[in-house]
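Descriptive structure summary
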Amino acid sequence: MAKPLEGLLVIELATYWVGPSAGAYLRAQGARVIKIEQPPYGDSTRFFARTCGVPYTDAENPIHDVSNGGKECITLDLKDEENIKLLHRMLAKADVFLTSVRQAGLERLGLDYDSIKDKYPRLIYAHGTAYGKSGPLSSYPGLDAVAFFGINGMLTDNMMTEDGAICPITGMGDFTTGGYLDIGIMTALYNRERTGRGDYVMTSLYGVGGWVSANCSIGTQYYNPWPRNKGTQSPMSQAYMCSDGKYVQLFVNEYEKFWNVFVNAFKIDDLRDDARVNTRVAVNDPANCKMLADRCHASAATQTSEELLAKLRAGGIPSVILGKFSDKYTIPDQIEHNLANGYFVEHTYDGEGASGRTIYVNQFPMYFESQGVVNNYEPCHAFDQDGDAIRKEFG
């Protein structure tokens, strides 16, 4: 049976999971997805399973399979001009270019949207970012532990104060599942243009919850370290309380690549060449992991959160001071950033019965170059407000 996206060519230049998970869906619906990886190791998530006691060989790599199974893979050193030319020949035939490279990196390669849009006018350019295309936060490195959970207050404001248990974030699963349902709807509409037939599209909170947590859950069939503690969670993926009482959350998978930056930030130079802790495999030993984490927690307690954050970010480590739900509406940089990207808009509730208060109203976080930043706000209509007109129109 033909799938709706058969014949679609997707070129994927992305690491971690935002871009690759989007590419996985397109492949599942029939698209040909070519994944470009850079030498010497490719997408670092090929080795993520080592953090969970799960196989990560070419023959068995279930965590990497979730987002990358079935894709064609090619290694290209994009510092080589000939490889850039090859990539452009691929883009000339592509329907979708899917990337998670930061804007500055794309500009250095001449692969940003403004540089290629006129060359390939029919190309869909899909960019998954940490914080957005523009605004004060846009240049920061960020992964989901930092840019999705950490800064948005999900690791701090959703805890029950009595015992530390997690209180689920109201509507988070609903919004995530709704986004996946949108994907299905758009795929069915695309397929209808080819076949002339409609389709039944279904997803569920349970199914989506299982999908978005699969990078953690699938590994429990081999080894189950959950819930984590200081001896089982990588020290490069923990939250550290600083001298001002604030936490700095970081998340790094390329352990060895960032080891020297990490050592410098936490002032643990005596451990720089210590074989117990200077590789990711070494800290799979809980005793080694806890020893390093304890040293880092002690060091963080002597630094302010801003001091530690500055060192980590300067070295390219995705990190953030754990936020509160209210931060995005009160911190000037975040307000500016949200407005610049259209993540929320300003609205005043005036008129009879209204408070007269001006607040920021969140919007669906999707940007189209053809539209720019748009204020999509409209107030909800009153009960049966349009009933008479509708009944008249449709008899």
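Now for a description of the structure that goes with this document. (Residues numbered from 1 in each chain as written. Predicted model: local features only at pLDDT ≥ 70, side-chain atom pairs only at ≥ 80, totals over all residues. Heavy atoms only, no water.)

**Topic: the pairing of strand 1 (residues 9-13)**
In terms of burial, strand 1 is a largely internal element, 5 of the 5 residues being buried. Burial along strand 1 is two-sided: L9, I11 and L13 facing one way and V10 and E12 facing the other are all buried. Pairing geometry for strand 1 and strand 2 (residues 32-37), over 4 bridges, is parallel. Looking at strand 2, one finds that I11 is bridged to I34. With helix 1 (residues 18-28) bridging strand 1 and the parallel strand 2, this β-α-β connection has right-handed handedness. The sheet contact formed by strand 1 and strand 4 (residues 96-99) spans 4 bridges and is parallel. (Buried < 20%, exposed > 50% of the residue type's maximum accessible area, 1.4 Å probe, protein only. Helix = DSSP H or I, 4+ residues; strand = E, 2+ residues; numbered from the N terminus. Pairing = 2+ DSSP bridges. Right-handed = clockwise from strand over helix to strand, strands pointing away.)

**Observations regarding unusual backbone geometry**
Between P39 and P40 the backbone carries a cis peptide bond, its omega angle lying at 5°. Mapped onto the secondary structure, P40 falls in the loop between strand 2 and helix 2 (62-68). If you check the backbone angles, Y16 has positive phi at about 55° while not being a glycine. The residue K267 is not glycine, and still its phi comes out positive at about 55°. With respect to the secondary-structure elements, K267 resides in the loop between helix 10 (255-266) and helix 11 (286-300).

**Describing the nonpolar core**
Within the largest apolar cluster, 26 residues are counted, with the highest numbers of intra-cluster contacts made by W259, F262, F266, I268, L292, L308 and L312. Taken together, the elements giving at least two residues each to this core come down to strand 7 (247-250), helix 10, helix 11 and helix 12 (305-314). If you tally residues by element for this core, the top one is helix 10, at 7 residues. Ignoring any residue separated from it by four or fewer positions in sequence, one finds L312 in contact with V248, L250, V261, A265, F266, I317 and S319. (Core = buried A, V, L, I, M, F, W, Y, C linked by side-chain atoms within 4.5 Å. Contact = heavy atoms within 4.5 Å.)

**Here's the deal with the side chain of R280**
Along the chain, R280 falls in the loop between helix 10 and helix 11. Summary of buried charges: R280 has no salt-bridge partner, and the nearest side chain of opposite charge, E256, is 7.6 Å away. Among the polar contacts made by the side chain of R280, one reaches the side chain of N284 at a distance of 2.8 Å. Setting aside chain neighbours within four positions, we find R280 in contact with R50, T51, S234, Y255 and E256. (Lys, Arg positive; Asp, Glu negative; His and termini not counted. Salt bridge = Lys/Arg side-chain N within 4 Å of Asp/Glu carboxyl O. Polar contact = N/O pair within 3.5 Å; in protein donor to acceptor, adjacent residues only side chain to side chain.)

**Topic: the sheet that holds strand 1**
Hydrogen bonding along the main chain pairs the strands of a sheet, whether they run parallel or antiparallel. Across the sheet, 5 strands lie side by side as 3-2-1-4-5; this open sheet has parallel pairing. Two strands in the sheet have a free side with no partner beyond their single neighbour: strand 3 (72-75) and strand 5 (124-127). Between one strand axis and the next, the sheet turns through 20° on average, direction left out of account. Sheet topology places strand 4 next to strand 5; 4 bridges connect them, and they run parallel. (Axes fitted to C-alpha atoms, helices over the stretch in contact; angles between N-to-C directions.)

**So, the packing of aromatic side chains**
Two descriptors summarise a pair of aromatic rings, namely the distance from one centre to the other and the angle between the planes of the rings. This structure, assessed with the given rule, holds 15 aromatic pairs. Consider the rings of W17 and F48, whose centres lie 4.9 Å apart with planes at 90°: the pair is edge-to-face. Taken together, the residues W17 in the loop between strand 1 and helix 1 and F48 in the loop between strand 2 and helix 2 connect sequence positions 31 residues apart. Each of the two residues, W17 as well as F48, counts as buried. (Phe/Tyr/Trp six-rings, centres within 6.5 Å; stacked < 30°, edge-to-face > 60°.)

**Overview of helix 7 (residues 172-195)**
Residues that lie three or four places apart on an α-helix share one face, since the helix turns once every 3.6 residues. Spanning 24 residues, helix 7 covers 35 Å between terminal C-alpha atoms, matching the ideal 34 Å at 1.5 Å per step. Every buried residue belonging to helix 7 is among T177, G184, T187, A188 and N191, and all of these are buried. Residues of helix 7 that are buried make contact with helix 1 and helix 8 (205-212). Just beyond helix 7, the residue with positive phi is G196, at close to 80°. (Expected span 1.5 Å × (residues − 1).)

Any functional reading would require information beyond the geometric quantities listed.
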